[in-house]
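Given next are the chains, with one letter for each unit.
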Amino acid sequence: MSYRRLPSVGQVDVERVIAEVRAGRPAVLRDGAERLVVAAAEAFDETLVREFEFSAPGAARLVLSASRLRHLGLSRGEAGFVALPHIELARLRALAFGLDARVDAPVAPLTPLYEGALELMRLAQLLPAVVVLAASGAEALLPNLLSVSLPHLLGYRASRRATLRIVSRANVPLEGASACEFVVFRGGEGLRDQIAIVVGRPDCSQPVPVRLHSACLTGDLFGSLKCDCGDQLRHTVRVMAQEGVGVLLYLDQEGRGNGISTKIRAYDLQALGLDTFEADEALGYGHDQRDFAFAADMLQALGVTRVRLMTNNPVKIAALEEAGLEVVSAHRVLGRRNAHNRRYLAAKRDRAGHLLELDA
Ligand SMILES: Nc1nc2c(ncn2[C@@H]2O[C@H](COP(=O)(O)OP(=O)(O)OP(=O)(O)O)[C@@H](O)[C@H]2O)c(=O)[nH]1
Ligand SMILES: [Zn+2]
C-alpha cells in the first residue's frame, strides 16, 4: 500500500468523532481558536442533560436543518438554531423529531461551526439536529472530549472518495449465478465497505450491464413489502447471470443515505400518512442524500467505462455520465407492486422523476 492511500490525520479525527457522536457522547469542533461542544439531539438522556447543564448552565443551543425548520412552521429556507436555556428532554425531542411540534422560540442563523455540527450528524447517519455549547462556557467538559477541525470535517467526503480502494476479492457463487466474484472496496459513503459483485468476466471493450444498488436492509434481506428493493436486487443478478456478465455495486447507502435508524423513524411517520419524501423532510433531510460519484470510481477501478445501466432513477444515469462514463442505455428494473409499496413507487415517480409506468 502506498503512503498516498493511508488515511490522513484529519480523516482519522473525523472517523473518531463520528464514532463518539454515534455512541451518544459529545465531541468538539474546532475552527481556528473557536471551539464548539456538540452532541446529537437524538442521543440526549437525563445523564447528558445533567452533563451539559452542569458544565455550561443556560448556554445550550439546538441547531436544526432548513427542512426541519420548515416542518416546524418556519418559512425561511435556511438552517438555524434556537436557544435552550434549560434542556428539557420533552421539548428537545419535540423540536428535533416530533411530528406535530412547532417552533416556539426565535431562530437565529448559523455560523460555519454550527453548519459543521449538522454535517457531522449527516456523516454519522444521525438526525440533523444537534445540541451545541460554546466551548468557552464548557471548559470542564473539554479534557475528556475528542475533537476535529472544521476544514477536516468539511473535506471528509472528498477524502473518502480519494482513498477508495479494493481491500479484498474472492469468488462467491450465488444461487442462479454461480460465476460471481465479490470485490470489496473501502471508502465511498456510509459507515461500512462497498461491494462490487462481478458476474462472469465482462469484456470491458463492450458496454457492461451495471446496477448501482443502494443497501436496503428491510427489502434486500427480509423481503419488506414497503419497497421494491429486494426484487430489483435479485432480478438484476438473474439478468446478469442470463447474459453471462455484469457488475452490481452494492452501496452502503441505507435509507437513501440516511441510515437504518432514520429510515425506520421515517417509516413510523409514513404509517401516520406522510409519503417517503415528506417523512424524510419532516426529519430534516432533503429528498436524497446519496452521491454516486464514488460508484463511478468503483466501475473505473474494475475497468468498466461503458455501461448498460439497470435503473429507473435518472440521477444515477446523470451521475455516471458526469463522472465520464458512457451510459449506452438505461433499462427499467421493476419490482412487484403491492398494497404496501404502491404509494412509495408513486412518490418516486411523481416527486423524484423515476422512470416508472405504474399503471401499465
Ligand atoms: N429514507 C428512505 N429510504 C428508503 C425508503 N424506502 C427505501 N429506501 C431506500 O431507498 C434506497 C433505494 O435504493 P435503489 O433501489 O438503489 O435506488 P432507487 O433510487 O430506487 O433507484 P433504482 O432502484 O435504481 O431505480 C435504498 O437505500 C433504500 O434503503 C424510505 O421510505 N425512506
Ligand atoms: Zn427498499
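Reading the values: rules and limits
- Residues numbered from 1 in each chain as written.
- Chains lettered and ligands numbered in written order.
- Predicted model: local features only at pLDDT ≥ 70, side-chain atom pairs only at ≥ 80, totals over all residues.
- Domains from an automatic or database assignment.
- Contact = placed C-beta atoms within 7 Å.
- Helix = DSSP H or I, 4+ residues; strand = E, 2+ residues; numbered from the N terminus.
- Nonpolar A, V, L, I, M, F, W, Y, C, P; charged D, E, K, R; others polar.
- Pairing = 2+ DSSP bridges.
- Axes fitted to C-alpha atoms, helices over the stretch in contact; angles between N-to-C directions.

Regarding the domain arrangement of the protein
Piece 1. Split into domains, the protein comes out as domain 1 (3-157) and domain 2 (164-352).
Piece 2. For domain 1 versus domain 2, the distance between C-alpha centres works out to 31 Å.
Piece 3. On the domain 2 side, the residues contacting the 13 residues of domain 1 number 15 residues.
Piece 4. Broken down by element, the residue count for the side of domain 1 that touches domain 2 peaks at three residues, all from helix α3 (residues 66-71).
Piece 5. For the side of domain 1 that touches domain 2, a count of residues per class yields six nonpolar, four polar and three charged.

Considerations on the sheet that holds strand β12 (residues 246-251)
Piece 1. Taken in spatial order, the seven strands line up as β8-β9-β10-β12-β11-β13-β14 in an open sheet, and their pairing is mixed. With one partner strand each, in any of the chains shown, β8 (165-171) and β14 (326-331) form the two edges of the open sheet. Strand-to-strand twist across the sheet, computed as the mean angle between neighbouring axes with direction ignored, equals 25°.
Piece 2. In terms of strand pairing, β8 meets strand β9 (residues 180-186) through six bridges, oriented antiparallel. By the bridge assignment for β9, Ser 168 is matched with Val 184.
Piece 3. Packed onto the sheet, helix α9 (residues 229-243) meets β10 (194-199), β11 (208-214), β12 and β13 (306-310) and runs at close to 165° relative to β11.

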